[in-house]
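Chain by chain, the residues:
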Amino acid sequence: MIVAAALTFFAALLGVLFSVLVSDGLTRPVRQLLEGTRAVEMGDLDRVIHITTRDEIGHLTAAFNRMVEQLRLKEHIRATFGKYVDPRIVEGLIDQRALASDGQRRVMTVLFCDVTGFTSASERMTPQGLVKIMNRYFSVMSEPVRRHGGVIDKYIGDAIMAYWGPPFNDAEDHARLASLAAIDMLECVGQLRAEFPELLGVRNVPIAFDIRIGVATGEVVVGSVGSDHMMSYTVLGDAVNLASRLESANKMYGSRILLSERAAAGAKDVIEIREIDRVAMLGQTQPETVFEAMGPKGGLGPRLMELRLRYAEGLAAYRAQRWDEGRRALARALEAAPGDGPSMTLMRRVEDLATAPPAADWDGSWRLGQK
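Residues numbered from 1 in each chain as written. Predicted model: local features only at pLDDT ≥ 70, side-chain atom pairs only at ≥ 80, totals over all residues. Heavy atoms only, no water.

Participant: Can you help me understand helix α10 (residues 302-319) in this one?
Facilitator: Residues separated by three or four positions in an α-helix point in the same direction, a consequence of the helix having 3.6 residues per turn. Taking 1.5 Å per residue as the helical rise, α10 with its 18 residues ought to reach 26 Å, and the 26 Å between its terminal C-alpha atoms agrees with that figure. By the burial criterion, the buried members of α10 are L307, R310, Y311, G314, L315, A317 and Y318. Relative to the axis of α10, the buried residues are bounded by an arc of 160° and lie together on one face. (Helix = DSSP H or I, 4+ residues; strand = E, 2+ residues; numbered from the N terminus. Expected span 1.5 Å × (residues − 1). Buried < 20%, exposed > 50% of the residue type's maximum accessible area, 1.4 Å probe, protein only. Arc of directions from axis to C-beta.)

Participant: Could you clarify how one ought to interpret the layout of surface pockets in this entry?
Facilitator: Unfilled space is identified by rolling a water-sized probe across the atoms. As a volume, the second largest pocket reaches approximately 320 Å³. In this structure, the second largest pocket is lined by 16 residues; those nearest its centre are R256, E292, A293, M294 and L304. Where the lining of the second largest pocket is concerned, the elements lending two or more residues are α6 (174-187), β8 (288-296), α10 and α12 (341-355). The greatest single-element share of the lining of the second largest pocket, amounting to 4 residues, is contributed by β8. Split by residue class, the lining of the second largest pocket holds 8 nonpolar, 3 polar and 5 charged. (1 Å grid on protein atoms, 1.4 Å probe; cavity = no way out; pocket = protein on both sides within 12 Å on 5 of 7 lines; lining within 4 Å. Points joined across faces, edges and corners; volume = space filled by probe spheres on them. Nonpolar A, V, L, I, M, F, W, Y, C, P; charged D, E, K, R; others polar.)

Participant: How should the pairing of β8 be read in this particular structure?
Facilitator: Consecutive side chains of a regular strand alternate in pointing toward one face of the sheet and then the other. Counting buried positions along β8 gives 8 out of 9 residues, so the element sits mostly inside the fold. Sheet topology note: the strand β6 (residues 257-259)/β8 ladder contains 2 bridges and is antiparallel. Following the sheet pairing, L258 is matched in β8 by E292. (Pairing = 2+ DSSP bridges.)

Participant: Even after reading the chapter, I still don't get the packing of aromatic side chains, so can you show me in this structure?
Facilitator: Pairs of aromatic rings are described using the distance from one ring centre to the other and the angle between the two planes. Applying the stated criterion across every chain, the model contains 8 aromatic pairs. Consider the rings of Y137 and F138, whose centres lie 5.0 Å apart with planes at 45°: the pair is tilted. Given a relative accessible area of 1%, Y137 falls into the buried group. Residue F138 is classed as buried on the basis of its relative accessible area, which comes to 12%. The structure contains a cluster of three or more aromatic residues connected by ring pairs, namely Y137, F138, Y155, F196 and F209. Stacked on the ring of Y311, the Lys or Arg R274 has its end atom at 4.8 Å from the ring centre. The side chain of R349 reaches across the aromatic face of W366, ending 4.0 Å from its centre. (Phe/Tyr/Trp six-rings, centres within 6.5 Å; stacked < 30°, edge-to-face > 60°. Lys NZ or Arg CZ within 6 Å of the ring centre and 35° of its normal.)

This is the structure in structure tokens:
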């Protein structure tokens, strides 16, 4: 009986050990699959599970590894594609509930940025040097746009087009964000000027590098536009055209950042602005009040505050056709900020109109006959 009991105990012990080994052999691959699934759920796509069996668990493990490899490939494609199209647009188009692609009317803010005198300067640069300059320029200037939540729509030659608005930004914030991005872009000019000679390996860069920016807020149509073979998620409408016209209008006024009236109204609590003029852009029948972004809120020194005050006095006198008073005010504005482009532009206009007064029905606005 003792021998039988011992044999029974020994057999039972062997049975338990065997069952534990068999159970562990079955559950270990399952646990590994479970851990791998949880890792993938957390975004870890580097997990690879070694196949230890040739049964159904082994086939399932091989299928899991192939799935992770495909997910890794898709993530690489997504990351690469995100350099060409804003990742938020990619995600939104995939999730059609978040981003309608068939066109919607929305109030948004559009920004255009261009390099001054770049066309002629590029002719004096080598192709390799031009590519280096452009890549660095786009990299540096795109960062403020992204940092302030903007969507870079496209690069057009040396120009940057970007926009803000729902669903990417709150409806009350897009004008503020675009204006702050414009000011930050302007602050990057000095950095780029310092980098270009070293980038090209020369002492002097054949371009007096500077930028002009136009910002406009208004109703646009946003959606996917293109052909059967290629589409672009973009914005269309008067605000887009106005932003482009404002960017170009900087040439006439000698300014660097011009805002539309709605953009200035939406951003006036975060930036310092001054009214520049009432202008009817090319293609417009009604004049638009144009403002200049002078800097972040509270960032103006005494000289710029004096400039703004005297320019406002000169502008009011100009519109009232009080030419002598306008000259005096604008002269004091130029004393506060010598070389101020808008002041010099308005001074020349006052001199011309004092000699040849406008018609009796003149409303104090100016018309631009070109882009």
